[in-house]
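# Residue-level structure breakdown
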Amino acid sequence: MTTPGPADPVWLSARIDFEPNLFERTQMSNPDTYHAFMLDYATGNLSASMSLAATLHRLMTEEGDEIARTWEAVRDNIKPAGEDHLEALFRMEDIATEIINTDYDDVPWRKGLSGAHFCKLPETSGSLMRLQPGDRVFAHGHSALEAMIVLDGRLEDGRDTFDAGDLVLAAPGERHRPAAAGNKACTCFVARADTPFWRFT
């Protein structure tokens with residue numbers, strides 16, 4: 001009896017057969033964008049800040065970890081990860097764990113033009129964002145993908161409401177209006193592409 005390999009389509013489809021309604025539980029607005037993002041994470045094709053967003057999602061939710069492991073299994077059967085990639089993932093986990101364990105009340109917040117409070121992180125191109133109850137960022141879009149992870153509280157963005165650990169992806173041209181949901185402050189990690197261009201129309 002032979003063991004199915006990466007070229008066997010039955011094996012491949014079995015490996016990426018996700019649990020029903022997984023997308024609804026992770027609240028992704030577009031499953032294709034989500035899976036492309038997580039596949040790029042598993043193969044090391046994301047920028048540092050985007051990879052950190054995926055790592056936070058993975059550490060904070062069972063669903064994120066399940067999907068990351070599935071794409072990593074696919075990757076390993078096509079071409080195993082090199083030592084450099086694995087070391088980078090371990091470094092990201094350390095940074096993500098530090099972010100998760102942060103006392104967000106002690107962060108040196110600065111109010112941005114959008115109305116939200118921000119704190120740029122030193123080791124990545126990402127930022128922490130905080131919205132107090134009643135705070136709302138004006139409606140906008142981006143010219144490149146934006147990834148947000150809800151770290152604490154709940155976030156609504158005009159499309160849905162998101163809980164801690166949820167990965168919120170805003171594709172290029174997709175408009176959203178982030179706000180704290182409920183009567184508690186909402187803290188998020190925000191990763192953007194290198195071109196910080198906002199669209200107001």
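Please refer to the structure placed before this passage.
Residues numbered from 1 in each chain as written. Predicted model: local features only at pLDDT ≥ 70, side-chain atom pairs only at ≥ 80, totals over all residues. Heavy atoms only, no water.

## Observations regarding the sheet that holds strand E6 (residues 155–156)
Stated formally: Any two strands with at least two DSSP bridges between them are considered paired. Starting at the N terminus, helices and strands are each numbered in turn, a helix being any DSSP run of H or I of at least four residues and a strand any DSSP run of E of at least two.
An order of E7-E6-E9 is seen for the three strands of this open sheet, with the pairing classed as antiparallel. Strands at the two margins of the open sheet, each flanked by one partner only, are strand E7 (161–162) and strand E9 (179–180). Here two bridges tie E6 to E7, and the two strands are oriented antiparallel to one another. Pairing of Leu155 across the sheet is with Phe162, part of E7.

## Notes on helix H3 (residues 31–43)
Within an α-helix, residues lying three or four positions from one another point in the same direction, as the helix has 3.6 residues per turn. Worth spelling out the cut-off: The span you would expect from a helix comes to 1.5 Å times its residue count less one.
Helix length check: H3 (13 residues) gives 18 Å between terminal C-alpha atoms against 18 Å at 1.5 Å per residue, within 8%. Phi turns positive one or two residues past the end of H3, at Gly44, with a value near 80 degrees.

## What about the pairing of strand E3 (residues 127–131)?
Which entries qualify depends on this criterion: Buried means the residue's accessible area, taken with a 1.4 Å probe over protein chains only, is under 20% of the maximum for its type, while exposed means over 50%, and partly exposed covers the values in between.
For E3, the buried fraction is high: five of the five residues fall into the buried class. Judged by which residues are buried, E3 turns out to be covered on both faces: Ser127, Met129 and Leu131 on one side and Leu128 and Arg130 on the other are all buried. Sheet analysis places strand E2 (residues 117–120) next to E3, joined by four bridges and oriented antiparallel. Considered in E3, the bridge of Phe118 is made with Met129. In the sheet, E3 pairs with strand E10 (residues 186–192) via five bridges, with the strands oriented antiparallel. Residue Ser127 lies in a different strand from E10, and its bridge partner there is Val190.

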